[in-house]
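As a plain string of letters, each chain reads:
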Amino acid sequence: MLPTATGDWFHFRDLGDGLTLISEPHVIPFLRCNIWHIRGRALDLVVDTGLGVSSLYAASRHLFGQRVAALATHVHLDHVGGHHEFAECWCHRLEAPGLRGADPAFTLGDVSLAQLAIDAPGYDTQGPALTALPAPDYDLSAWQIRQATVTRELEDGDVIDLGNRHFEVLHLPGHSPGSIGLWEAATGTLFSGDAVYDGPLLDALPHSDRAAYARTMERLLALPVNVVHAGHDPSFGRARLHQLVRDWLARREQGPGIKPALT
């Protein structure tokens with residue numbers, strides 16, 4: 001029996017310049033998505049929404065301006081659990097069917113949070129997905145990804161205008177077909193989703209494409225990055241990005257990567 005979490009379910013870390021990192025500390029690291037809130041003059045952007053165990057929208061309302069959109073870097077279960085709470089939901093065109101239908105084939109959502117069975121070297125993935133429950137009466141077995149209304153289908157090269165900040169959408173397939181990143185050229189800032197993060201990269205999921213991933217990695221090497229805010233794990237700079245990319249490219253020559261068995 002899991003204990004009940006004490007305090008707030010979400011943790012908020014103000015990074016300055018209108019950026020807040022939101023996390024779910026009682027979710028195991030493997031499924032603990034980085035949720036990014038970017039405050040804009042005309043529009044706020046929430047990049048990914050976590051597992052959906054507790055209401056992100058209700059917990060984060062103090063951050064939001066007059067208008068807010070939730071963007072999915074891709075539609076895996078740990079990134080889109082809260083999207084259904086937002087009136088404006090954006091994702092790449094190739095991921096939109098999964099978000100609209102909450103289809104397990106897209107979201108990898110056909111899992112039991114009460115007892116995971118995932119083979120992912122480098123992570124502790126056996127047992128419950130949570131270390132505590134958000135409320136004493138929370139029914140972990142009833143959890144599921146809920147359908148969201150996609151209001152904007154994104155493509156490579158699209159510009160997201162927050163009024164005072166502008167991000168270019170980068171299509172970064174490989175981890176999933178419609179994985180995207182957000183590139184702010186003015187500051188050298190990349191929100192990379194799960195295209196790259198400072199941990200073991202998943203490249204052998206049912207819809208992963210290692211050839212496409214290799215092209216994504218080469219594209220990331222060419223970006224004049226100052227900082228990467230990824231979908232998991234701490235942020236990092238250009239030198240670490242280059243090391244992560246080159247390590248992945250070297251491993252690619254050794255055969256298939258991590259193969260999660262989701263049950």
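Treat the numbers as computed from the prediction; the structure is a model and nothing was measured.

**With respect to the pairing of strand β14 (residues 227–230)**
Where strand β13 (residues 189–193) meets β14, 4 bridges bridge the pair, whose relative direction is parallel. Among the inter-strand pairings, Phe191 is bridged to a residue of β14, identified as His229. Once the chain exits β13 it traverses helix α4 (residues 210–222) before rejoining the sheet at β14, and the crossover so formed is right-handed.

**Quick look at helix α5 (residues 238–252)**
Helix length check: α5 (15 residues) gives 21 Å between terminal C-alpha atoms against 21 Å at 1.5 Å per residue, within 8%. For α5, the complete set of buried residues consists of Leu241, His242, Leu244, Val245, Trp248 and Leu249. One side of α5 holds all its buried residues, which, seen down the axis, span an arc of 165°. Residues of α5 that are exposed and angled more than 90 degrees away from the buried face: Ala239 and Arg246. Among the structural elements, α4 and β14 are those in contact with the buried residues of α5.

**Side note on the layout of surface pockets**
What the largest pocket holds in volume is close to 190 Å³. If you trace the largest pocket, you find 14 residues lining it, with Gly52, Tyr138, Trp143, Gln144 and Arg146 closest to the centre. Here the lining of the largest pocket is composed, by residue class, of 4 nonpolar, 7 polar and 3 charged.

**Description of the state of the cysteines**
All told, the structure shown has 0 disulfides when counted by the stated rule. The structure places no disulfide on Cys89, whose sulfur is separated from the nearest cysteine sulfur, that of Cys91, by 8.3 Å. Residue class for Cys89 comes out buried when judged on its relative accessible area of 0%.

**A few points about the pattern of salt bridges**
Following the criterion strictly, the structure yields 9 salt bridges and no others. In this structure, the salt-bridge partner of Glu184 is Arg165, at a minimum N-O distance of 2.5 Å. Within this pair, whereas Glu184 is found in strand β12 (residues 180–184), its partner Arg165 is found in the loop between β10 (159–161) and β11 (166–171), the two being separated by 19 residues in sequence. Arg165 carries the same exposure label as Glu184, and that label is buried. Here Arg210 makes a salt bridge to Asp203, at a shortest N to O gap of 2.5 Å. Note on accessibility: Arg210 and Asp203 belong to one class, buried. Where salt bridges share partners, they join Asp17, Arg165 and Glu184 into one cluster.

Cut-offs used in this document
Residues numbered from 1 in each chain as written. Predicted model: local features only at pLDDT ≥ 70, side-chain atom pairs only at ≥ 80, totals over all residues. Heavy atoms only, no water. Pairing = 2+ DSSP bridges. Helix = DSSP H or I, 4+ residues; strand = E, 2+ residues; numbered from the N terminus. Right-handed = clockwise from strand over helix to strand, strands pointing away. Expected span 1.5 Å × (residues − 1). Buried < 20%, exposed > 50% of the residue type's maximum accessible area, 1.4 Å probe, protein only. Arc of directions from axis to C-beta. Contact = heavy atoms within 4.5 Å. 1 Å grid on protein atoms, 1.4 Å probe; cavity = no way out; pocket = protein on both sides within 12 Å on 5 of 7 lines; lining within 4 Å. Points joined across faces, edges and corners; volume = space filled by probe spheres on them. Nonpolar A, V, L, I, M, F, W, Y, C, P; charged D, E, K, R; others polar. Disulfide = S-S within 2.5 Å. Salt bridge = Lys/Arg side-chain N within 4 Å of Asp/Glu carboxyl O.

By themselves these figures say nothing about function.
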